[in-house]
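In case you want the letters, here they are:
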Amino acid sequence: MFYFDVAIIIFYILALAIVLFIILYLLFIHKNRRINTEMEALADDLVSQAIFTEFEDTNGLIPISSELQKQLLNTRFKSIIYDKIILTTKSISGHSHLSLQKLFMQLNLDLQCLKLLDSYQWHRIAKGIQEIGIMGLKQYLPDISPYTNDSNKYISIEAQIAVLKLSGFKGLRFLDNLTQTISEWEQIMLLKELGNLPVEEFSGIEMWLKSNNDSVVIFALKLTRNYHKFELYNDIVDCLVHHNSKVRLNAIHTLAEVYNQDTAQQLLHRYKQEDYEQQLAIVIALETIGDDNIIDVLIQYLSTEIYEMKYTLACTIANISKYGYEKLLTLPDAQHYPLNEMLLQIKSEMKQ
Amino acid sequence: MSWQSFLLDFFTYGILSYSILLLSSYVFIGLYSIGEVRHYLKKNSFTDYRILAGSTQAPTISILAPAYNEGANIIENVRSLLSIHYNNLEVIIINDGSKDDSLEKLIAAYDLFKDDFFVNPQIKTKDVRGVYKSRNAVYRKLIVVDKVNGGKADALNVGINIAKNNYIVCIDVDCILEQDALLKLAKPFIENTEERVIATGGVIRIANSCVVENGRLLKVNLPEQFLPRVQTLEYIRAFLLGRMAWSRLNGLLLISGAFGAFDRDIVIKCGGYDHTTVGEDMELVVRMRRYMEERNQPYKVSFIPDPLCWTEAPATFKILGRQRNRWARGTIETLRFHRIMFFNPKYGLLGMLSYPYWFFFEFLAPLVEFVGMVGFIIFMLFGLVDWLFFVNLLFFVFSFGFLYSVFAILMEVITYNQYKKPKDILNLVLTAFLEPFIFHPFVVWSAVKGNIDLLQKKNDWGEMTRQGFSKKTP
């Protein structure tokens, strides 16, 4: 019984302590919010001032009032202005971006970014790297470049994006020696970042298409697709026989965009050797790049019992040319389920 | 020692041992969830989900929303789904043979016409009467399917047959989604490089007393009525602690039927939702996991602690009872269908930990509690009860339950802090104090009734009448 009594008392005391902590925490947040609101207003003023300052008139410095100078000694205010500048810089560009960069440097806030890189905690390192990229602090490129191949994927992706922000397309050279796998999500982030940059020539894709890191090959295929690198056609075709099925899939997708007069036949040649997912991708690709010469071959595959494939084949044949659709209507199975219903849907979609 | 004393001791120490095991598992879950929540929040602080919204490379998603007699709010609900900002999306509303004017309202509001559509019968379902699309290009993402009534599982299976995208998001049509819900739910599928993520779920929050306008949540309020409020507390415990801990272990067996995302390819290979069970949401996840285990393919069922979806909780004991009864039956049916996994090392963590946990502590707990109460009454009538021991045990359990609930409230406050006022927190704490006396016995009794109904082969859903959300006052 004694142990029960002790346990009961401990539980209730702990619960009471937690409740008290919660109440105090909420009151603390509420109080801080009030103080922060005043400081944020000052920070907003400073940021606005920086954006509209003509630096030629001020010897490259943003004038800071004595009141603000005093506030800058306050750690909380410095943290608020730090976050405010980062947040504002994320959504602007051009002269305003440069102005905020100057303000950031003037207040020595770049040292705060660097300090984060020395942290033991991965999320603080990643934050520091991210903020160096956002602020465009090119002088710290050597400090963050080694992180592009970090084993912690959150750090490595931030470093990769920051390197692109700071060096443009040239920054993609981190792919040369990348051993970590780049996830689909990371690839989306990298492509988005590249989309924000002015397009420039870049080299290395031919090497990345032959990388031992399969995710690098996949990413290189996406780059080839996005930037229409027709000169790499043969390298893309080589990827059709890669051991990794995802690489082969991406090669098929790429050939749907980067193709020549032989591509349709090359894909058809691969069809029978491929797994289902790749076969489906080939049929979809042929809708774009195929011509009347492949229609009869595709019709042979229509006997499949897999309805998804059957429908995709029918779609491709119908959309290659008017001849394709008419040919489908003449087939014996065209009057029977499921092909008859499929053809009705295809006809309806063609009208739309 | 008389046989009565022996029986009493056996009974008492049996219940005590079970309670200690149960409470220990709660302690483990509570503490283990902390790491996962912290990791997620830290990771989230870098993530710009907007990248996914506009990307052509983002995962392709089909939202499946079955609707039965939802005429009152369906237009608004569909509008809120169509307003989700996501590139590669289609919204499929499945009218499950509604007896009201749900379909007619949709046709009128969205300028729908019956289109020629081949429904791939990958999963066997009841007949589809028609597939509708909009003449208006603004609603090009919308597909409405009219089918013969067959229940929620059957309706979802029709949606799966019609969906063309890689991932399906199954939702209740009257749920309110956060603006970035889809983005957050989609990300786990594409960020894991070691395992195939086959399903993800998020936190469901209680929308009672919240202010909703045009299908959007404008203001979060703590439910005013006791029953929805105690369910708020229960959901915080279950989602923020329980599911996060299981997700960290990769042993999660359940993704809420109100809102979850699934790999369509795996769902089809597993045969879709089982329409013979009322717990089709849990049963599908267990079957998908079993499918992957049997093929030795590395996989994960992921869970996100962000509040993604808001739903109306039962506000009366009658409706609550039906819901809990159904949940109990669903759990039992799922455990029964997949009993081969019980302590079977072939199924790894699923068979050796997840399944046994659900069996002993989710299925059996209400029964053990009920048997304990009945046993207590019998021993009391025979004058055999050690009152001191009984009272101590009762207070022990109550005080632990209260502490656990308060801990869950703390986790909620330091993470998402949806209820910001100290008054609301104190209200929740008071609710935690009252829960064992009002809510918990009722839920236990509903679960016991569920067991009885299952033995009597009752397999209906029961009518779940909803009151509707609070509207913004002009």
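Residues numbered from 1 in each chain as written. Chains lettered and ligands numbered in written order. Predicted model: local features only at pLDDT ≥ 70, side-chain atom pairs only at ≥ 80, totals over all residues. Heavy atoms only, no water.

K.L.:
Looking at this structure, how should I read the overall build of chain A?
P.N.:
Per the secondary structure count, chain A includes 19 helices and zero strands. For 352 residues, the compact-globule formula gives about 20 Å, and the C-alpha radius of gyration of chain A, at 30 Å, lies well above that figure. Within the span of chain A, comprising 352 residues, buried residues form 52% of the whole. By sequence separation, contacts in chain A at least 24 residues apart represent 67% of the contacts at least 6 residues apart. A total accessible area of about 18000 Å² is found for chain A, and carbon and sulfur atoms account for 54% of it. With 31 positive and 42 negative side-chain charges, chain A shows a spacing of 5 Å between the two charge centroids. (Helix = DSSP H or I, 4+ residues; strand = E, 2+ residues; numbered from the N terminus. Rg over C-alpha atoms; globule rule 2.2 N^0.38 Å. Buried < 20%, exposed > 50% of the residue type's maximum accessible area, 1.4 Å probe, protein only. Contact = heavy atoms within 4.5 Å. Areas by Shrake-Rupley, 256 points an atom, 1.4 Å probe, with all protein chains shown as cover. Lys, Arg positive; Asp, Glu negative; His and termini not counted. Charge placed at Lys NZ, Arg CZ, Asp CG, Glu CD.)

K.L.:
What is the right way to look at the overall build of chain B in this model?
P.N.:
Check the secondary structure of chain B and you find 13 helices and 13 strands. Radius of gyration (C-alpha) of chain B: 23 Å, near the 23 Å computed for a compact globule of 474 residues. Summarising its shape, the C-alpha atoms of chain B cover approximately 80 × 50 × 45 Å along the three principal directions. Residue burial in chain B is summarised as follows: out of 474 residues, 59% are buried. Sequence separation of at least 24 residues holds for 79% of the intrachain contacts in chain B that already meet a minimum separation of 6. Of the roughly 19800 Å² that chain B leaves accessible, carbon and sulfur atoms contribute 59%. Charge centroids of chain B, computed over 52 positive and 46 negative side chains, lie 2 Å from each other.

K.L.:
I'm lost on the sheet that holds strand β4 (residues 128–134) of chain B in this one. Help?
P.N.:
One key point about sheets: their strands pair by backbone hydrogen bonds, in either a parallel or an antiparallel sense. All names here are of chain B. In spatial order, the strands read β3-β4-β5-β2-β1-β6-β11-β8-β12-β7; together these ten strands make up an open sheet with mixed pairing. Pairing within the sheet leaves two strands with one partner each, and these edge strands are β3 (112–115) and β7 (176–177). Lying over the sheet, helix α6 (residues 181–191) contacts β1 (61–67), β2 (89–96), β6 (167–171), β7, β8 (196–206), β11 (259–263) and β12 (299–311), oriented at roughly 150° with respect to β8. (Pairing = 2+ DSSP bridges. Axes fitted to C-alpha atoms, helices over the stretch in contact; angles between N-to-C directions.)

K.L.:
Explain the nonpolar core to me, please; I cannot follow it from the model alone.
P.N.:
Nonpolar side chains tend to gather and get buried jointly when the protein is soluble and globular. Formed by 228 residues in total, the largest nonpolar core has its most connected members in L172 of chain A together with I63, I93, F259 and F262 of chain B. When residues of this core are assigned to their parent elements, the largest contribution, 14 residues, is made by helix α12 (residues 387–415) of chain B. Filtering out sequence-adjacent residues up to four positions away, I63 of chain B remains in contact with L81, I84, L89, E90, V91, I92, V169, I171 and L182 of chain B. Listed in part, the 42 residues of the second largest apolar core include I51, I64, L107 and V163 of chain A. (Core = buried A, V, L, I, M, F, W, Y, C linked by side-chain atoms within 4.5 Å.)

K.L.:
Which parts of the structure should I look at to understand the packing of helix α11 (residues 214–226) of chain A against helix α13 (residues 245–255) of chain A?
P.N.:
In helix packing, the relevant descriptors are the interaxial angle and the interaxial distance, both defined with respect to the helix axes. All names here are of chain A. For the pair α11 and α13, interaxial distance at closest approach is 9 Å and the crossing angle is 5°. Between α11 and α13, the angle is such that the two are roughly parallel. Taken together, the residues of α13 that come into contact with α11 (itself represented by D214, V217, I218, L221, K222, T224 and R225) are K246, V247, N250, A251, H253 and T254. Among the residues forming the contact of α11 with α13, the class breakdown is five nonpolar, four polar and four charged. (Parallel < 35°, antiparallel > 145°, perpendicular 65-115°, else oblique. Nonpolar A, V, L, I, M, F, W, Y, C, P; charged D, E, K, R; others polar.)

K.L.:
Please clarify how the packing of aromatic side chains should be interpreted in this entry.
P.N.:
To describe a pair of aromatic rings, you give the distance between the ring centres and the angle between the ring planes. Overall, the coordinates contain 44 aromatic pairs over all chains when judged by the stated rule. Relative to F396 of chain B, the ring of F11 of chain A lies with its centre 5.6 Å away and its plane at 40°, an arrangement referred to as tilted. Here F396 of chain B lies in helix α12 and F11 of chain A lies in helix α1 (residues 2–52), a pairing that spans two chains. For the residue pair F11 of chain A and F396 of chain B, the accessibility class agrees, reading buried in each case. A cation over an aromatic ring shows up here: K229 of chain A above the ring of F202 of chain A, its NZ or CZ 4.7 Å from the ring centre. (Phe/Tyr/Trp six-rings, centres within 6.5 Å; stacked < 30°, edge-to-face > 60°. Lys NZ or Arg CZ within 6 Å of the ring centre and 35° of its normal.)

K.L.:
Teacher, can you tell me more about the interface of chain B and chain A here?
P.N.:
Often, the extent of an interface is quoted as the loss of accessible area on bringing the components together. Residue-level contacts link 49 residues of chain B with 48 residues of chain A. Each partner contributes to the roughly 4400 Å² buried at the junction of chain B and chain A, and carbon and sulfur atoms together form 74% of this total. Summed over the three residues of chain B that lose the most area to chain A, namely F46, Q57 and F118 of chain B, the buried surface amounts to 18% of that side. In this assembly, chain B and chain A are joined by zero salt bridges. (Buried area = accessible area lost by both parts, 1.4 Å probe. Salt bridge = Lys/Arg side-chain N within 4 Å of Asp/Glu carboxyl O.)

K.L.:
Any chance you could explain α11 of chain A here in plain terms?
P.N.:
Two residues of an α-helix separated by three or four positions point the same way, owing to the 3.6 residues in each turn. Residue and element names in this part refer to chain A. Spanning 13 residues, α11 covers 18 Å between terminal C-alpha atoms, matching the ideal 18 Å at 1.5 Å per step. Counting buried positions along α11 yields twelve of 13 residues, so the element is predominantly enclosed. By the burial criterion, the buried members of α11 are D214, S215, V216, V217, I218, F219, A220, L221, K222, L223, T224 and R225. Where α11 is buried, its residues touch α9 (184–196), α10 (205–208), α12 (233–238) and α13. With its phi angle positive at about 45°, H228 sits one or two positions after the end of α11. (Expected span 1.5 Å × (residues − 1).)

K.L.:
Teacher, can you tell me more about the packing of helix α18 (residues 322–329) of chain A against helix α19 (residues 339–351) of chain A here?
P.N.:
Residue and element names in this part refer to chain A. Relative to each other, α18 and α19 sit at 155°, their axes nearing to 11 Å. Relative to α19, α18 is oriented roughly antiparallel. Crossing hand, α18 versus α19: left-handed. Seen from α18, the contacting residues are Y325, L328 and L329; seen from α19, they are L343, I346, K347 and M350. (Left-handed = near helix turned anticlockwise from the far one by under 90°.)

K.L.:
Help me out: how do you make sense of the pattern of salt bridges in this one?
P.N.:
One side chain can pair with another of opposite charge once the charged atoms of both are near each other. All names here are of chain A. Evaluated as defined, the whole model comprises 33 salt bridges over all chains. Between E274 and R248 there is a salt bridge, and its shortest N-O distance comes to 2.9 Å. Residue E274 is located in the loop between α14 (263–271) and α15 (276–289), and its partner R248 is located in helix α13; the two are separated by 26 residues in the primary sequence. Accessibility classification places E274 together with R248 in one group, the buried group.

K.L.:
What is the right way to look at the side chain of T148 of chain A in this model?
P.N.:
All names here are of chain A. With respect to the helices, strands and loops of the structure, T148 is situated in the loop between α7 (141–144) and α8 (153–167). For T148, a relative accessible area of 10% puts it in the buried group. Not counting the four nearest positions on each side in its chain, T148 is found in contact with S156, A159, Q160, V163, F174 and L178.

K.L.:
What's the story with the environment of D150 of chain A in this structure? I'm lost.
P.N.:
All names here are of chain A. Tracing the chain through its elements places D150 in the loop between α7 and α8. Between the alpha carbons of D150 and T179 there is a distance of 9.1 Å; along the sequence they are 29 residues apart. Apart from the residues lying within four places of it in its own chain, the contact partners of D150 are I155, S156 and Q180. A distance of 2.8 Å separates a polar atom in the side chain of D150 from the backbone nitrogen of N152. (Polar contact = N/O pair within 3.5 Å; in protein donor to acceptor, adjacent residues only side chain to side chain.)

K.L.:
Whenever I open this one, helix α11 (residues 348–381) of chain B confuses me. Can you help?
P.N.:
Here α11 of chain B spans 47 Å end to end across 34 residues, near enough to the 50 Å set by a 1.5 Å rise per residue. Positioned one or two residues after α11 of chain B, G383 of chain B has a phi angle of 70°, which is positive.

K.L.:
Looking at this structure, I do not really get the side chain of N161 of chain B. What am I missing?
P.N.:
All names here are of chain B. Locating N161 in the fold gives a position in helix α5 (residues 152–162). Only 2.8 Å separates the side chain of N161 from the backbone oxygen of I123, close enough to count as a polar contact. Those residues within four positions of N161 in sequence are excluded, and the remaining contacts are V119, N120, P121, Q122, I123 and T125.

K.L.:
Would you explain unusual backbone geometry in this entry?
P.N.:
Trans is the prevailing form of peptide bonds, just as negative phi is the prevailing case for residues other than glycine. Residue and element names in this part refer to chain A. With omega at 5°, the peptide bond leading from Y337 into P338 counts as cis. The residue P338 is located in the loop between α18 and α19 in this model. One non-glycine residue with positive phi stands out, namely N108, at about 60°. With respect to the element layout, N108 can be found in the loop between α4 (95–106) and α5 (110–117). Taking the relative accessible area as the measure of exposure, N108 reaches 45% and is therefore partly exposed.

K.L.:
Can you help me understand the pairing of β8 of chain B in this one?
P.N.:
Residues in a regular strand project their side chains so that they alternate between the two faces of the sheet. All names here are of chain B. Within β8, ten of the eleven residues are buried, leaving the element largely enclosed by the surrounding structure. Relative to β11, β8 runs antiparallel, the two sharing three bridges. By the bridge assignment for β11, T200 is matched with A261.

K.L.:
How do you make sense of the pairing of β1 of chain B when you look at a structure like this?
P.N.:
All names here are of chain B. Of all seven residues making up β1, seven are buried, and the element is well covered by its neighbours. Here β1 shows two buried faces, one formed by I61, I63, A65 and A67 and the other by S62, L64 and P66. Summarising the sheet, β1 and β2 pair through seven bridges and their orientation is parallel. Pairing of P66 across the sheet is with I94, part of β2. Assessed by its sense of winding, the connection that carries the chain from β1 through helix α3 (residues 74–82) to β2 is right-handed. By the bridge criterion, four bridges tie β1 to β6 in an arrangement that is parallel. (Right-handed = clockwise from strand over helix to strand, strands pointing away.)

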